[in-house]
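# Coordinate analysis (summary)
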Amino acid sequence: MGFADFFKKKSSGNVAKDRLKMVLVSDRSNCSPEIMEQIKNDIIGVLSKYVEIDLEGLDIKIEQTESEGTNGMVPALFANIPIKDMKHAKKGK
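Residues numbered from 1 in each chain as written. Predicted model: local features only at pLDDT ≥ 70, side-chain atom pairs only at ≥ 80, totals over all residues. Heavy atoms only, no water.

## Section: the overall build of the protein chain
Looking only at helices and strands, one finds 2 helices and 4 strands in the protein chain. Going through the 93 residues of the protein chain one by one, you find that 18% of them count as buried. A separation of at least 24 residues holds for 51% of the contacts in the protein chain among residues at least 6 apart in sequence. Roughly 7,100 Å² of accessible area belongs to the protein chain as shown, and the carbon and sulfur atoms make up 55% of that amount. (Helix = DSSP H or I, 4+ residues; strand = E, 2+ residues; numbered from the N terminus. Buried < 20%, exposed > 50% of the residue type's maximum accessible area, 1.4 Å probe, protein only. Contact = heavy atoms within 4.5 Å. Areas by Shrake-Rupley, 256 points an atom, 1.4 Å probe, with all protein chains shown as cover.)

In structure tokens, the structure reads:
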């Protein structure tokens, strides 16, 4: 599955599930769904330069977590990004 597969049509159930996840994440992190989607797309775009990603297993979320310092609870980005294959650099560059 390449970057072009990212634009593949999803079933309505999968779209609804993804939207619900984004709403829950944005609610927990005080981050709008649009910003979360931009973050996700940016991460996919950058990583796709170097690796082939399994987009079906992709899970990116922001959760509240305990800070190691004295800040109390802080937002943290958690990403589970299954990698299918490494892309090899072209020789001569």
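## Describing the pattern of salt bridges
Per the stated rule, a full pass over the model turns up 1 salt bridge. For the salt bridge of Asp59 with Lys61, the shortest nitrogen-to-oxygen distance reads 3.8 Å. Owing to a relative accessible area of 27%, Lys61 belongs among the partly exposed residues under this scheme. (Salt bridge = Lys/Arg side-chain N within 4 Å of Asp/Glu carboxyl O.)

## A look at the environment of Ile83
Among the secondary structure elements, Ile83 is positioned in strand β4 (residues 83-86). Separated by 36 residues in the primary sequence, Ile83 and Leu47 have C-alpha atoms spaced 9.5 Å apart. With sequence-adjacent residues up to four places away left out, Ile83 is seen in contact with Val51 and Glu52.

## Some points on the side chain of Lys40
Counting through the fold element by element, Lys40 comes out in helix α2 (residues 33-48). A residue is classified by how much of its surface remains accessible, and Lys40, at 17% relative accessible area, is buried. When near neighbours in sequence (up to four residues on either side) are disregarded, Lys40 contacts Leu58 and Ile60.

## What about the nonpolar core?
Ile44, Val51, Ile53, Leu55, Leu58 and Ile60 together form the largest nonpolar core, which totals 6 residues. Discounting residues that sit within four places of it in the chain, Leu58 has contacts with Lys40, Ile44, Asn80, Ile81 and Pro82. (Core = buried A, V, L, I, M, F, W, Y, C linked by side-chain atoms within 4.5 Å.)

## A short note on the side chain of Ser48
Note on placement: Ser48 falls in helix α2. At a separation of 2.7 Å, a polar atom in the side chain of Ser48 contacts the main-chain carbonyl oxygen of Ile44. (Polar contact = N/O pair within 3.5 Å; in protein donor to acceptor, adjacent residues only side chain to side chain.)

## Thoughts on the confidence of the model for the protein chain
Of the residues in the protein chain, 70% have a pLDDT of 70 or more, and the chain-wide mean is 75. Averaged over each element, pLDDT in the protein chain is lowest for helix α1 (residues 12-29) (68) and highest for strand β1 (residues 51-53) (91). (pLDDT = per-residue confidence, 0-100.)

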